[in-house]
Amino acid sequence: MSSSRVSFILLALLIAAVCYFFWPVLGMKYFFGYADNVLHGLPLTTLHSRILHEGESALWSNLIYGGHPLFAESQGAFANPANILLSWLLPPL
């Protein structure tokens, strides 16, 4: 068996396992959130989506803690390419 074929099969198995594990979240509209995801992550994801879709400032927000530099918030990961793509393509909720 060639190396690329083995790699493809392993990748397909990994994707199938992740989809099976997260099926309640992916297919049935359940929310997979806990602790800081709901209290901190969801507002940051919503804000990231508004930055990309509505042109809100990515440098400063007066909606967080009475004023906060967004790029100083490392948990938001606003410069992460995966987060940029997901925030642009999908709604936060």
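Criteria and thresholds
Residues numbered from 1 in each chain as written. Predicted model: local features only at pLDDT ≥ 70, side-chain atom pairs only at ≥ 80, totals over all residues. Heavy atoms only, no water. Salt bridge = Lys/Arg side-chain N within 4 Å of Asp/Glu carboxyl O. Buried < 20%, exposed > 50% of the residue type's maximum accessible area, 1.4 Å probe, protein only. Patch = residues over 30% accessible without salt bridge, like charges linked within 9 Å, V, L, I, M, F, W, Y side chains within 5 Å. Areas by Shrake-Rupley, 256 points an atom, 1.4 Å probe, with all protein chains shown as cover. Helix = DSSP H or I, 4+ residues; strand = E, 2+ residues; numbered from the N terminus.

Caption draft 1: Structural detail: the pattern of salt bridges. Under the defined criterion, the tally for this structure stands at one salt bridge. The salt bridge involving Glu56 is made with Arg50; its shortest N-O contact spans 3.0 Å. By relative accessible area, Arg50 is classed as partly exposed at 26%.

Caption draft 2: Structural view of a nonpolar patch on the surface. On the surface, a cluster of nonpolar side chains totalling about 660 Å² of accessible area is made up of Leu52, Ile84, Leu85, Leu86, Trp88, Leu89 and Leu90. In terms of residue count, helix H4 (residues 81-89) provides more of the nonpolar patch than any other element does, five residues in total. Looking at the element boundaries, Leu90 is found in the segment after H4. Since its relative accessible area comes to 48%, Leu90 is described here as partly exposed.

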